[in-house]
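Structural characterization, general
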Amino acid sequence: MKTILITGGAGFIGSNFVKYMLNSHPDYKIVNVDVLTYAGNLENLADVEGNPNYVFAKGDIVDRPFIADLFDQYDFDTVVNFAAESHVDRSIEDPEIFIKSNVMGTLVLLDEAKFHWQTGKDDNGYPTYRDGVRYHQVSTDEVYGALGKTGMFTEVTPIAPNSPYSASKASADLLVRSYGQTFKLPVTISRCSNNYGPYHFPEKLIPLMISNVVALKSLPVYGDGMQIRDWLHVKDHCSGIDTILEKGMAGEVYNIGGNNEKANIDIVNLIIEDVGEMLRSGKYAIDNDGSKISKDLITYVEDRLGHDRRYAIDNSKITTELGWEPSYTFEEGIAETIKWYLNNQEWLEQVKSGDYQQYYEKMYSKK
Ligand code: NAD
Ligand code: TYD
């Protein structure tokens with residue numbers, strides 16, 4: 001029986017991970033801490049409410065007394081930190097909250113883990129810890145910066161973040177590394193490429209495009225649309241993190257990616273085709289028969305500032321050392337994801353209401 005603190009478990013990847021862990025490890029207790037920002041949504045977890053191995057605690061990872069109390073209360077073995085501000089465009093508009101949540105929040109979690117897990121000191125003055133504890137930081141390939149036409153990010157690629165978001169994630173990674181080096185805290189870091197799948201907040205490329213095609217709204221493609229992202233299904237990200245928790249070595253960084261590079265415009269064209277075809281089949285209870293869906297919906301808009309041109313992950317360390325493999329092909333993953341959005345229009349409408357609607361008007365009225 002392990003007790004795991006998962007932070008940010010009401011967001012896109014975190015909620016998928018909470019469910020993944022409850023299913024894969026029925027003997028684990030999961031405590032999900034989330035402050036419920038605009039991106040945190042307890043609806044994402046409706047199907048695990050009532051599970052005796054699952055607890056939700058609303059709170060901010062920056063709030064040190066709150067996190068300290070939780071460690072006292074639950075005696076965690078493992079921390080998996082997903083909690084973060086996660087959207088590059090928002091970080092360009094307002095970076096400060098990214099530093100607070102992503103950097104200060106990570107510091108608080110590291111400190112509390114270190115304090116609560118320490119058993120003493122070794123002969124050289126380094127802290128010693130309870131057996132089996134682990135702090136895992138969920139990071140991103142964006143900390144490596146941007147690639148040109150060739151090459152891939154490996155775990156030894158120098159950190160060179162270009163956006164305030166990726167700079168905050170890189171800062172957090174460096175703090176995690178330093179707690180591993182200076183205090184010998186058993187830490188691991190995973191750096192994953194772009195995720196897609198169910199419960200993805202519709203400010204990000206794939207769910208935004210699906211949502212707009214269904215609503216027959218224009219599809220805002222930044223710049224020339226030839227930027228490349230390396231897409232991974234969220235469930236494969238979850239299995240990658242679980243593999244690192246089980247088999248990964250303390251002090252190590254592991255890239256997670258599925259060798260699946262796509263240009264943004266190709267993704268947008270695929271979504272137009274697939275959503276059009278699915279709606280024309282008449283199988284979905286949606287007030288759009290697909291007849292007006294076409295590439296005419298695409299609108300090229302002003303490019304993102306500092307827009308990273310290409311990301312590509314070399315995943316050979318996690319595949320060869322830990323035996324992890326992605327299970328989804330992009331074709332099956334994207335078709336399943338689009339169907340999920342078509343079947344969950346109520347969820348989409350609910351998350352698009354309120355604050356997000358104001359953000360959408362603000363961002364896209366300028367472009
Ligand atoms: P998300 O924005 O969907 O969810 C983030 C969650 O964190 C939300 O539920 C939010 O309420 C919570 N949160 C934010 N600040 C908090 C705070 N101070 N205290 C407690 N909770 C807080 O993000 P996501 O896409 O699920 O990403 C999760 C993690 O994975 C992030 O750390 C992100 O950097 C990383 N990541 C994401 C991707 C991707 O493609 N989405 C890829 C690689 C890594
Ligand atoms: P996004 O989903 O925001 O992820 P990230 O910036 O973290 O990679 O964006 C993915 C790509 O899609 C990125 O190159 C920016 C581009 N993009 C658009 O062209 N239009 C949009 O409306 C959005 C949100 C993103």
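Below is a short write-up of the structure. (Residues numbered from 1 in each chain as written. Chains lettered and ligands numbered in written order. Predicted model: local features only at pLDDT ≥ 70, side-chain atom pairs only at ≥ 80, totals over all residues. Heavy atoms only, no water.)

Moving on, we come to the sheet that holds strand 1 (residues 3-7). Spatial ordering of the open sheet is given by 3-2-1-4-7-8-13, a layout of 7 strands whose pairing is parallel. The sheet is open, and its two borders are formed by strand 3 (54-58) and strand 13 (253-256), each paired with just one other strand. Strand-to-strand, the axes of this sheet are offset by a mean angle of 20 degrees, without reference to chain direction. Pairing geometry for strand 4 (residues 78-81) and strand 7 (residues 134-140), over 4 bridges, is parallel. Each residue of the ladder has a partner; that of Thr 78, found in strand 7, is Arg 134. Running over the sheet, helix 1 (residues 12-24) touches strand 1, strand 2 (29-34), strand 3 and strand 4 and is turned about 170 degrees from strand 2. The strands touched by helix 4 (residues 96-117) are strand 1, strand 4, strand 7 and strand 8 (187-192); relative to strand 7, the strand with the most contacts, the crossing angle is about 165 degrees. (Pairing = 2+ DSSP bridges. Helix = DSSP H or I, 4+ residues; strand = E, 2+ residues; numbered from the N terminus. Axes fitted to C-alpha atoms, helices over the stretch in contact; angles between N-to-C directions. Contact = heavy atoms within 4.5 Å.)

Core analysis: the largest hydrophobic core is formed by 43 residues, its most contacted members being Ile 206, Leu 219, Ile 271, Val 275, Ile 338 and Leu 342. Elements with a minimum of two residues in this core: helix 6 (205-214), strand 10 (219-222), helix 8 (264-280), strand 15 (298-301), helix 10 (330-343), helix 11 (345-352) and helix 12 (355-366). Broken down by element, the residue count for this core peaks at 8 residues, all from helix 8. The contact partners of Ile 271, leaving out residues within four places of it in the chain, are Ile 206, Met 209, Ile 210, Val 213, Gly 276 and Ile 338. In terms of nonpolar packing, the next biggest core, distinct from the first, is built from 35 residues, Val 33, Val 55, Phe 153 and Tyr 311 among them. (Core = buried A, V, L, I, M, F, W, Y, C linked by side-chain atoms within 4.5 Å. Buried < 20%, exposed > 50% of the residue type's maximum accessible area, 1.4 Å probe, protein only.)

As a structural note, the neighbourhood of ligand 2 is formed by 19 residues, with Glu 142, Arg 229, Arg 304, His 307 and Tyr 364 the closest of them. Measuring from an oxygen atom of ligand 2, one finds a side-chain N or O atom of Asn 264 at 2.8 Å. Tyr 364 has a polar side-chain atom sitting 2.6 Å from an oxygen atom of ligand 2. Relative to its unbound accessible area of 510 Å², ligand 2 is 97% covered by the protein chains. Of all the secondary-structure elements, those providing two or more residues to the shell around ligand 2 are helix 6 and strand 10. For the shell around ligand 2, the per-class residue count stands at 9 nonpolar, 5 polar and 5 charged. (Near = heavy atom within 4 Å. Polar contact = N/O pair within 3.5 Å; in protein donor to acceptor, adjacent residues only side chain to side chain. Areas by Shrake-Rupley, 256 points an atom, 1.4 Å probe, with all protein chains shown as cover. Nonpolar A, V, L, I, M, F, W, Y, C, P; charged D, E, K, R; others polar.)

Of all residues adjacent to ligand 1, which total 28 residues, the nearest are Ile 13, Asp 34, Ser 86, Tyr 165 and Lys 169. At 3.0 Å, a backbone N or O of Phe 12 approaches an oxygen atom of ligand 1. Within the side chain of Tyr 165, a nitrogen or oxygen atom sits 2.6 Å from an oxygen atom of ligand 1. Burial of ligand 1 by the protein amounts to 96% of the accessible area it has alone, namely 830 Å².

Summarising the element assignment, Ser 139 is placed in strand 7. Residue Ser 139 is classed as buried on the basis of its relative accessible area of 4%. In sequence terms Ser 139 and Asp 77 are 62 residues apart; their C-alpha atoms lie 20 Å from each other. A distance of 2.8 Å separates a polar atom in the side chain of Ser 139 from a polar atom in the side chain of Asp 173.

Further remarks concern empty space enclosed by the protein. For the structure on display, the rule yields 4 cavities of 30 Å³ or more. Approximately 60 Å³ is the volume attributed to the second largest cavity. Taken together, Pro 202, Leu 208, Ser 211, Asn 212, Lys 217, Lys 352, Tyr 356, Gln 357 and Tyr 360 make up the lining of the second largest cavity. The set of elements that each furnish at least two residues to the lining of the second largest cavity consists of helix 6 and helix 12. (1 Å grid on protein atoms, 1.4 Å probe; cavity = no way out; pocket = protein on both sides within 12 Å on 5 of 7 lines; lining within 4 Å. Points joined across faces, edges and corners; volume = space filled by probe spheres on them.)

By themselves, these figures tell us nothing about what the structure is for.
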